[in-house]
Amino acid sequence: MSDTTSNGKIESHSLEVETYPPSAEFKAQANLSDSSVYWKAAQDPEAYWAGRARELKWTKPFTEVLDWSNPPFAKWFQDGELNVAANCLDRHVSNGLSDRVAIHFEGEPGDTRTITYGELTHEVKRAANMLTALGVSQGDRVAIYMPMIPETVIAMLACARLGAAHSVVFGGFSAESLRSRIDDAEAEIVITADGGHRKGRVSALKPTVDDALRIDHGDGKASTVKKVLVVKRGGNEVEMQAGRDLWWHDEISSFDGEHTAKGFPAENPLFILYTSGTTGKPKGILHTSGGYLTQAAATHSDVFDLKPESDVYWCTADVGWITGHSYVVYGPLANGATQVIYEGTPDSPDWGRWWQIVEKYKVSILYTAPTAIRSCMKVGRQVPEQYDLSSIRVLGSVGEPINPEAWRWYHEVIGGGKAPIVDTWWQTETGAMMIAPLPGLTSLKPGSAQAAQPGIDVNVVDDNGNRVDPGHGGLLTIRRPWPSMVRTIWGDDQRFIDTYWEKFGDQYFAGDGARVDEDGDIWLLGRVDDVMNVSGHRLSTTEIESSLVEHHAVAEAAVVGADDETTGQAVVAFVILKSQQQLLTPEAAEAELRQHVSAQIGAIARPRQVFIVNELPKTRSGKIMRRLLKQAAEGKEIGDTTTLADTAVMQTISARVRSEQGK
Ligand code: WTA
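Residues numbered from 1 in each chain as written. Predicted model: local features only at pLDDT ≥ 70, side-chain atom pairs only at ≥ 80, totals over all residues. Heavy atoms only, no water.

Visitor: Got a minute to help me understand the site of the ligand in this structure?
Guide: Taken together, the neighbourhood of the ligand is formed by 17 residues, with Asp 423, Thr 424, Thr 428, Asp 512 and Arg 527 sitting nearest. Contact distances for the ligand include 3.4 Å between a nitrogen atom and a backbone N or O atom of Pro 401. The side chain of Thr 428 places a nitrogen or oxygen atom 2.5 Å from an oxygen atom of the ligand. Taking 520 Å² as the accessible area of the ligand by itself, protein coverage stands at 97%. Those elements that place two or more of their residues in the shell around the ligand are helix H12 (322–334), strand S22 (421–424) and strand S27 (522–527). By residue class, the composition of the shell around the ligand is six nonpolar, six polar and five charged. (Near = heavy atom within 4 Å. Polar contact = N/O pair within 3.5 Å; in protein donor to acceptor, adjacent residues only side chain to side chain. Areas by Shrake-Rupley, 256 points an atom, 1.4 Å probe, with all protein chains shown as cover. Helix = DSSP H or I, 4+ residues; strand = E, 2+ residues; numbered from the N terminus. Nonpolar A, V, L, I, M, F, W, Y, C, P; charged D, E, K, R; others polar.)

Shown next as structure tokens:
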């Protein structure tokens, strides 16, 4: 094994895997460069996390670190009290950092706003006063359905400041999806915008809120929503329902910036975020305050090697996802970081937009998803090469396994061959990063997320929960409770137990397959359940299938996540129409059903393809063999079909897929 100290030079490691050790230069300045951090934390994880928690400001210090007396319901730092928003704002202002830029906002049309910590604190205080006047207080739930603009962050922090829980619903979700989330959380307030800018036009949001609140479930019950606050952003015309709808700028104008933050218990709910599971109903993942903030802040600092006084950090995720919660809002702001928030898409007005932003703000830490990297790769390196990306010193990846080819491109073209890439594995449920390199310590391996963070205990096990040997594949579990772990599924403790804890009892089951290599590094292998990963977003097979069968023309539907060059996986549906619908041409049916799913769940769930078939492959007991459909959708050889009730079905389906794909 040859040892070179210059990052970017490949150290020969094994036959297939090259490694990239940290450069001497990077190591010398790294926040963490002594590997004893791992074993010290492992010796006493609770003491380790208590130390990290004490980096925050507590209004009442905790004396108990972890209460695990009633597993799987963990309580961290439970007798302590803190205000999450004050930790992200007032604390920095009192430390003299009022003038530090918190947010460089870049609107898609090119408008910009620079917001310092002092200004952000002031705005959040005003918003908190406004929400208080609207009746929001500790324990309430507020739904947020917004574009990527500063008011979104302000709204979230204002809720946190009052001890109310926010439920951010991604702006791409449909009225139906929004309404079911509002209902589940029983939110009384919705904060939205007229619209936001996306792909060169205004994408309306308020009309979707109106539609959501109009939905009649047939039970005579109106929604729980009493007030809708509307931020003006898109400039599109919207209807304002008297008595219910209020303009944010009108309401907030009567409030000043005086507001004293009160401490709340560490286990006070901070937010609910809905994510797809293996059934049709999304799960409301509940996160609480002290433990969540501790781990979001600690990992943001360690994994990105953050230097708050000099770095310009940019995470491209939308706040509608967990990555936006932990690594746009809470982690960076708790650490006093300066960050970029960009409203639009990477291709507006052209594919140079992101790189122009990097150049303009001298972004030094960039955190994005493999699907975005692959899209940029497709467009070609000549685009980023027109910009000065030399400010970049750390790159991050999240959402799905990053394929080594994309990793190398990212490293070389975006990172100039010198910036380490941190591939971060975590989930909505884990709240913060769990497996990731530490850039001053880890010899990077393209495609592997590598090692559990200090204080985190992950395991790869066989079906019986026994640890697999190096070189073998198995299921990823987490052995010990961690501070930012999901506390329960909102309103459904039993589902929380069944989903994550039933399989292995004392180990959290993540739903991902993984392999451990000879060095102990972890390679993620994708979901092992019926959850798909499309462009880094989780979608449930079952949820899309139920949406399809709700369509009047559909008799039966099977959905699979087929490998896709750009999006990782793509939604492919196989549908049997009801007999009286056979007159519909397959083309018309496909178009209609794609649109139907998009309207019901949201554009991200729209199937790439819908195949109208006469039969689905089923076992003799009637179970649909999705594995075979996935192979067909990927144009692969169909594996063993002997367990099928009718072995001819797959031949017909494969022939059909091939003829479609040949078109
Ligand atoms: C997948 C996103 C491999 C994984 C933060 C997980 C990853 C699911 C990685 C969670 C990664 C996320 N390598 N797979 N670095 N990051 N995943 O809840 O399957 O939207 O279970 O959270 O994304 O998706 P979620």
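Visitor: What should I look at first to understand the pattern of salt bridges in this one?
Guide: It is possible for side chains bearing opposite charge to pair when their charged atoms get close. For the structure shown, the criterion picks out 42 salt bridges. Glu 106 is the partner of Arg 353 in a salt bridge, and the nearest nitrogen-oxygen pair spans 3.1 Å. Of this pair, Arg 353 sits in helix H13 (residues 353–361) while Glu 106 sits in strand S6 (residues 101–106); the two residues are 247 residues apart in sequence, bridging distant segments of the chain. There is no split in this pair, since Arg 353 and Glu 106 are both buried. A salt bridge links Asp 347 to Lys 199; its shortest N-O distance comes to 3.5 Å. Here Asp 347 is found in the loop between strand S19 (338–342) and H13, whereas its partner Lys 199 is found in the loop between strand S11 (195–198) and strand S12 (201–204), with 148 residues between them in sequence. (Salt bridge = Lys/Arg side-chain N within 4 Å of Asp/Glu carboxyl O. Buried < 20%, exposed > 50% of the residue type's maximum accessible area, 1.4 Å probe, protein only.)

Visitor: Could you clarify how one ought to interpret the domain arrangement of the chain in this entry?
Guide: Interface size is often expressed as the accessible area that is lost when the parts come together. One can read the domain layout of the chain as domain 1 (10–513) and domain 2 (539–661). Here domain 1 and domain 2 have C-alpha centroids that lie 33 Å from each other. Across the boundary between the two partners, domain 1 contributes 18 residues, which contact 16 residues of domain 2. Approximately 1200 Å² of surface area, both sides summed, lies buried where domain 1 meets domain 2, with 46% of it carried by carbon and sulfur atoms. (Domains from an automatic or database assignment. Contact = heavy atoms within 4.5 Å. Buried area = accessible area lost by both parts, 1.4 Å probe.)

Visitor: Would you take a moment to explain the state of the cysteines for this structure?
Guide: Cysteine pairs can be linked by a disulfide, which is a covalent bond between their two sulfur atoms. In total, this model carries zero disulfides according to the counting rule given. Just so you know, Cys 159 is unpaired, no disulfide at all, and the nearest cysteine sulfur is the one on Cys 88, 13 Å from it. In this model Cys 376 remains outside any disulfide bridge; the closest cysteine sulfur is found in Cys 315, 15 Å from its own. (Disulfide = S-S within 2.5 Å.)

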